[in-house]
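Architecture and fold: a report
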Amino acid sequence: YGVGGSPTLIINGEKVTSYRDPGNLLIAVCSGFKKQPKECQTELSFVNPSPTFGNKAGASGSSGSCN
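Here we summarise the structure given alongside this text. Keep in mind that this is a model prediction, so the values were computed, not measured.

**Observations concerning the overall build of the protein chain**
Broken down by element type, the protein chain carries one helix and two strands. Mapped in sequence order, the helices and strands of the protein chain form the string β-β-α. Relative to its full complement of 67 residues, the protein chain shows a buried share of 10%. In the form shown here, the protein chain has an accessible surface area of approximately 6000 Å², with 53% of it arising from carbon and sulfur atoms.

**Considering the side chain of Asp21**
Here Asp21 lies in the loop between strand E2 (14-16) and helix H1 (22-30). Buried charge without a salt bridge: Asp21, with Arg20 as the nearest opposite-charge side chain at an N-O distance of 8.9 Å. For Asp21, the residues in contact, after removing those within four places along its chain, are Ser45, Phe46, Val47, Asn48 and Pro49.

**Let's talk about the environment of Gly23**
Inspection of the secondary structure assignment puts Gly23 in helix H1. Residue class for Gly23 comes out buried when judged on its relative accessible area of 4%. Separated by 19 residues in the primary sequence, Gly23 and Thr42 place their C-alpha atoms 8.8 Å from one another. With sequence-adjacent residues up to four places away left out, Gly23 is seen in contact with Leu44, Ser45 and Phe46.

**Brief notes about H1**
Because each turn of an α-helix spans 3.6 residues, side chains separated by three or four positions in sequence point in the same direction. Where H1 is concerned, the buried positions are Gly23, Leu26, Ala28 and Cys30. Buried residues along H1 sit in contact with strand E1 (9-11) and E2. For H1, the N-terminal capping position is held by Asp21, with its side-chain oxygen 3.2 Å away from the main-chain nitrogen of Gly23.

Parameters at a glance
- Residues numbered from 1 in each chain as written.
- Predicted model: local features only at pLDDT ≥ 70, side-chain atom pairs only at ≥ 80, totals over all residues.
- Heavy atoms only, no water.
- Helix = DSSP H or I, 4+ residues; strand = E, 2+ residues; numbered from the N terminus.
- Buried < 20%, exposed > 50% of the residue type's maximum accessible area, 1.4 Å probe, protein only.
- Areas by Shrake-Rupley, 256 points an atom, 1.4 Å probe, with all protein chains shown as cover.
- Lys, Arg positive; Asp, Glu negative; His and termini not counted.
- Salt bridge = Lys/Arg side-chain N within 4 Å of Asp/Glu carboxyl O.
- Contact = heavy atoms within 4.5 Å.
- Polar contact = N/O pair within 3.5 Å; in protein donor to acceptor, adjacent residues only side chain to side chain.

What follows is the structure, encoded as structure tokens:
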């Protein structure tokens, strides 16, 4: 798909440009439907998550580093 970075969103084989917040990602996914499912009516936040969202408290990070 020519992905060169993360995160990258691919919908129906097409690379999609979208903001990273939940609300805009839902809009991007739902735009691929001719008949949108009821889940597309869900109201989600338009606030970007922090870079470490989803990490469990106390979980160890990767051992990688940047020099």
